[in-house]
Every structure is written in structure tokens, then in C-alpha cells.
Amino acid sequence: MTRCSRRALLRGAALIPLAATAADGLLDEAGAENRYFSSHGTYDHHTLSYDLRLAYDPSSGTLDGHAHIRAVADRPLARVELDLARLTAHTARVNGIPARPRQKGDKLYLTGSHALAAGTPFTVEVGYRGRPAPLRSPFGQIGWDRTGDPHDGTLVASQPLGAPSWFPCNDRPDDKAAYTFRVTVPHGHQALANGTLRDRHATAAAQCWTYHHSGPMAPYLATLYTGRFTYDAWQAHDSATGETITGHNHYPAHLSQQARHDLARQPDMLAAFTGWFGPYPFETYGAVVVDTELDQPVENQTLSVFGSNHIDGHRGSETLVAHELAHQWYGNSVSLRNWRDIWLNEGFATYSEWLWSEHIGEDSADTIARAEWHTLNHRHRRDLRIADPGPHRIFDDRIYTRGACTLHALRLALGDDRFFPLVRTWHATHRGTSATTAAFIGHAERYSPHPVQPLLHTWLYERPLPALPRARPDTLRFVPEGPSGPASACLRPLAYPISRPLPACAGTNQRCNWRC
């Protein structure tokens with residue numbers, strides 16, 4: 001999610017008091033980390049895959065769902081625990097045998113005929129139905145929502161606790177799995193979901209759209225959009241592998257001209273980011289613009305969502321486009337293990353905005369970092385530890401900007417020759433898994449000729465704002481290495497501002513396959 005406090009997905013949603021966090025800070029019986037929102041998810045099992053069959057009727061707003069879940073027991077289980085809110089489970093099976101579903105609050109419990117031993121793979125099937133709607137959360141209403149457009153569109157943006165609004169899941173950010181979505185909607189409507197479109201076929205009254213994403217993906221990043229969209233396909237060069245990444249953008253027809261312009265530099269961003277961060281981690285990427293205003297875009301895995309208010313035909317929100325793309329590496333591929341570590345998501349994505357600005361010849365990352373430091377120093381209270389902000393404040397603006405300043409301070413301490421290999425190998429080491437702040441500090445120590453733990457501890461765990469070191473000209477050379485050595489020809493800043501169209505280009509730079 002982009003920089004700004006998370007108030008609500010749709011404009012106008014009200015904040016409500018934090019609920020169900022009394023157990024936070026207690027140690028899980030299995031030795032799991034202390035975690036925020038401990039009423040969500042369970043460490044009793046981990047999930048391998050979700051196969052969701054969904055039939056949605058936009059005229060009535062009803063959803064008929066069937067979930068087939070493959071999982072592994074991590075301790076002896078007398079029952080299976082899942083998260084499911086505001087929808088009713090009417091049938092269930094565990095390992096193919098009918099099980100009794102019981103719902104209490106936002107939990108679904110399935111009791112089978114036999115207990116499961118630790119380490120045992122098992123399957124769960126749940127039939128459920130109802131009228132999905134946003135869930136009340138500490139950050140407004142999140143999850144499944146209707147756009148209110150003339151085509152009865154829907155969208156899903158679940159960060160951090162909204163996934164149970166539309167399917168039964170183990171709602172932990174570190175429980176990542178593969179996903180298949182089979183979505184049936186009436187003729188004239190489309191369905192978009194994570195991953196790649198595998199099949200589309202029509203029946204007498206409806207169309208079924210099938211998507212698959214091998215992930216692995218956390219439940220809060222799973223998404224579904226229905227409605228009517230126009231779309232464009234595009235291709236980008238992966239600077240780390242030399243491969244071509246195919247993407248798709250979808251938007252309402254009346255916004256198509258502006259959206260094409262505003263999203264046109266995603267291929268350039270992907271080429272630049274793969275040079276800095278390493279190979280693009282998934283099979284595809286794209287953006288969906290929904291026909292309603294959103295407080296903030298959201299980085300749903302492989303398919304970020306933007307509101308109509310983020311499209312102006314002048315690239316006025318291009319920093320947000322860069323932010324959500326960067327999340328595919330930092331936040332989605334390398335996930336946080338606990339919501340207390342969210343600076344690892346948002347600090348990296350915010351710093352990527354600054355790198356993009358530097359890359360295209362606007363303000364340098366150093367200039368932006370010092371301006372943001374000044375704002376943090378003079379306009380904010382110094383009462384937040386960004387590596388453990390507390391569950392109420394995981395979307396505080398300071399986590400974004402101080403997190404990015406932390407990375408810039410580390411860059412100043414190490415120099416580009418060490419900093420960019422550090423961030424690339426951070427992703428390479430933890431790709432497809434979850435990580436913690438402690439793991440990042442340990443990783444940074446291995447890339448520094450001198451201890452950086454004191455510097456990072458001060459930025460991340462202490463409330464006073466540290467000073468930014470002075471930038472040395474020989475430190476910020478901005479030439480991270482690509483697969484064939486320094487990629488300075490690729491990464492030279494471009495001589496045009498964000499707010500203007502791309503210049504005409506006669507061809508492709510053969511040294512780095514830079515797409516002009």
C-alpha cells in the first residue's frame with residue numbers, strides 16, 4: 001500500500017476502535033513469534049493451495065463459493081480452524097469425509113471423524129454462501145467491496161485483515177500458498193484475479209474465468225475484480241534474466257486514454273527495478289483501475305488496484321505506480337512474518353519511489369530523503385519505533401518515510417557498490433518466504449565492512465530521529481550491477497520529467513536491452 005495512513009479503502013469510511021488484540025504480545029504455544037492481530041490465523045497448520053470456485057450475481061450481490069484447501073498439520077489437530085466472516089458455511093469435508101462446520105464470530109471450525117497427527121497433509125472442502133461485504137477493521141472497511149459504478153463492479157483489497165470477507169483461509173501474512181480461481185459471472189461481465197488467465201468459457205447464462213497463480217501468496221494479497229473493463233497488454237524486459245515479462249492493464253472504457261498514458265512507464269519501471277532488485281518474482285504483472293475513488297492503491301499480488309482518482313492523464317500519481325510495482329519484490333515475494341515488521345514492506349516501496357525519481361532525472365533519492373527527514377524532524381512527534389509500532393499504527397506515515405530514510409542511511413554507510421547487492425540478495429535469499437527485521441539486520445551486517453547493527457537499531461527501534469549522514473560524491477554512484485556487470489548504460493537518468501510523455505526513441509540499447 002502506498003504512503004499515507006490507511007483510513008479506508010473507499011473514501012468516507014470511518015475509523016473504529018481496535019478490537020480483538022488482547023492476546024497480542026502472548027507467546028503462541030508452538031513458540032511462534034509474538035504477533036499483532038493474533039485472533040486472525042492459526043499456527044495449527046500451514047496451507048499449500050487454495051482452489052476457489054465462485055459464482056457471483058452482481059444484481060443481488062450474492063456469492064456462492066466452494067473452497068478446496070490443501071494443508072499440512074503442524075501439530076496434532078482435533079479440528080481445523082479457518083477464518084471466514086459474514087458468510088455462512090453450509091457443507092464441509094476433511095479428507096473427503098463429511099465434517100461438522102461451526103462458526104463463532106469470524107472463525108470457522110471443522111471437526112472431522114479422525115484427529116490429524118502433526119506433519120499430516122490433509123484437504124478441506126467448504127461450501128459457503130452469502131452477501132460478501134467489507135469487514136470492519138482498525139483501519140476502516142476492508143476486503144470485498146462494491147464500486148457503485150453503473151456495471152455493479154466489485155473489488156477486493158484486503159490488507160491487512162480483509163481476506164475472510166470472501167473465502168475461508170488461514171489469515172496470516174506468513175501463510176503463503178498457490179491459488180486457483182474459477183469465477184462465474186453473468187454475460188457482459190468480466191472477472192480478474194491474481195496470476196494468469198488459464199481458461200474462459202461460456203454457458204447459457206454466464207461466463208467462467210479461470211486464473212492460476214503458483215505464488216506463493218499470502219491471503220491478504222489475493223484479489224478479485226468483476227465488472228466491465230477494457231485492457232491492454234504490454235511487455236517488459238527483465239534486466240536480471242533477459243526474459244520478457246508480459247503484463248495486462250485493465251480500466252473502465254471512459255478512462256482508457258488517460259490510464260494508458262499514466263501507466264505507460266510500467267515496462268520501464270520493471271526494467272529498472274529488475275536491474276536494482278533482481279529478477280521479477282512472478283509470472284505476470286498488471287494494474288486494475290476501478291471506476292470509483294480509493295483512498296490509496298493496494299499492491300495485490302501480480303494485480304495492483306488504483307482508483308479513478310489516481311488517473312489524471314498527466315502521470316500525477318506515477319510515484320504510486322512505482323510504489324505498488326516495487327511491492328511485488330518487497331512485501332509480496334518477500335513477505336513480512338508479522339505485521340510489526342511492515343516497515344520492510346513500506347520502507348522498501350517508498351525508497352523505490354525515490355530511486356525512480358533519481359532514475360528519470362528528477363530529484364535524487366538523497367534530496368528527497370533530506371526533505372522527508374526535515375518533515376519527520378519538525379512536523380511529527382518522536383514517539384514511534386517503526387520496527388514495532390503497535391497494531392494501531394502499522395500504516396502511520398512515518399513507517400513509510402522513516403523506513404525509506406533508514407535504507408538511505410544504510411546506502412550512505414555502505415556505498416552503492418555494497419548497498420545494491422545487499423537489497424538484491426535480500427530478495428534472492430528470502431524470495432517466496434517471510435522474513436523479520438532481525439533477519440534484515442543480520443543480512444545487512446554480512447554486506448558491511450564495519451558493524452551496521454547500531455545504525456539500524458537506532459533508526460528502527462529508537463524513538464528519537466537520527467541524523468542522516470552527509471552524502472559523499474564517491475558513495476552514491478547509482479550504478480548497481482546487472483547480470484553482466486555494471487549497468488550504468490541502463491541506469492543513466494533519463495532527461496525528461498514525470499509529467500511529460502515519453503520522447504520518441506529510435507531503437508533499443510543493445511547493451512542492456514533498455515526499452516525506450
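Residues numbered from 1 in each chain as written. Predicted model: local features only at pLDDT ≥ 70, side-chain atom pairs only at ≥ 80, totals over all residues. Heavy atoms only, no water.

Chemist: I keep staring at the pattern of salt bridges and nothing clicks. Help me out?
Modeler: Oppositely charged side chains may form a pair once their charged atoms are brought near each other. Under the counting rule described, the total for this entry stands at 17 salt bridges. Of the charged contacts in the structure, one is a salt bridge between lysine 107 and glutamate 81, with a shortest N-O distance of 2.7 Å. A residue pair is termed long-range when its members are at least 10 positions apart, and lysine 107 in strand S7 (residues 107-111) and glutamate 81 in strand S3 (residues 80-83) qualify at 26 residues. In this structure glutamate 81 comes out as buried when scored by relative accessible area, which is 16%. When the shortest N-O distance is used, the salt bridge between aspartate 396 and arginine 398 registers 3.0 Å. Look at aspartate 396 and you get buried, because its relative accessible area is 15%. Given the relative accessible area of 9%, arginine 398 is considered buried. Each of the salt bridges in this network shares a partner with another, and the network as a whole consists of Arg381, Asp383, Arg393, Asp396 and Arg398. (Salt bridge = Lys/Arg side-chain N within 4 Å of Asp/Glu carboxyl O. Helix = DSSP H or I, 4+ residues; strand = E, 2+ residues; numbered from the N terminus. Buried < 20%, exposed > 50% of the residue type's maximum accessible area, 1.4 Å probe, protein only.)

Chemist: Sorry, what's going on with the packing of helix H5 (residues 365-379) against helix H6 (residues 397-414) here?
Modeler: In a packed pair of helices, the relevant descriptors are the angle between the two axes and the axis-to-axis distance. Orientation of H5 relative to H6, taken along the N-to-C sense of each, is 130°, at an axis distance of 10 Å. Taken together, H5 and H6 sit at an angle that is classed as oblique. H5 and H6 meet at a crossing whose hand is left-handed. The segment H5 lies against H6, with Ala365, Asp366, Ala369, Arg370, Glu372, Trp373 and Leu376 engaging Arg398, Thr401, Arg402, Cys405, His408, Arg411 and Leu412. Looking at the contact of H5 with H6 residue by residue, the classes come out as six nonpolar, two polar and six charged. (Axes fitted to C-alpha atoms, helices over the stretch in contact; angles between N-to-C directions. Parallel < 35°, antiparallel > 145°, perpendicular 65-115°, else oblique. Left-handed = near helix turned anticlockwise from the far one by under 90°. Contact = heavy atoms within 4.5 Å. Nonpolar A, V, L, I, M, F, W, Y, C, P; charged D, E, K, R; others polar.)

Chemist: I'm lost on H5 in this one. Help?
Modeler: Note on helix geometry: an α-helix contains 3.6 residues per turn, so any two residues three or four positions apart are oriented the same way. For H5, which comprises 15 residues, the first-to-last C-alpha distance of 21 Å matches the rise-based estimate of 21 Å (1.5 Å per residue) to within 8%. Looking only at H5, the buried set comprises Ala365, Asp366, Ile368, Ala369, Glu372, Trp373, Leu376 and Asn377. The buried residues of H5 occupy an angular sector of 165° when projected down its axis, which confines them to one face. Across from the buried face of H5, at angles greater than 90 degrees, the exposed residues are His378 and Arg379. (Expected span 1.5 Å × (residues − 1). Arc of directions from axis to C-beta.)

Chemist: How do you make sense of the nonpolar core when you look at a structure like this?
Modeler: When a protein is soluble and globular, its nonpolar side chains tend to lie buried together. Among the nonpolar cores identified, the biggest contains 136 residues, and Trp166, Phe167, Phe181 and Phe440 are the most heavily contacted of them. At nine residues, the largest contribution of residues to this core is made by H6. Once you skip the residues sitting within four places of it in the chain, phenylalanine 181 turns out to touch Leu52, Trp166, Ala193, Asn194, Trp209, Thr210, Tyr211, Met217, Ala222 and Thr223. (Core = buried A, V, L, I, M, F, W, Y, C linked by side-chain atoms within 4.5 Å.)

Chemist: Would you mind going over the confidence of the model for the protein with me for this structure?
Modeler: Low pLDDT marks stretches whose predicted atomic positions should not be read closely. Of the residues in the protein, 85% reach a pLDDT of 70 or more, and the chain-wide mean stands at 87. Ignoring residues within four places in sequence, the model shows residues 3-31, a span with pLDDT below 50, making 75 contacts including any to other chains. Across residues 479-516 the pLDDT falls below 50, and counting only partners more than four positions away or on other chains, this stretch makes 74 contacts in the model. (pLDDT = per-residue confidence, 0-100.)

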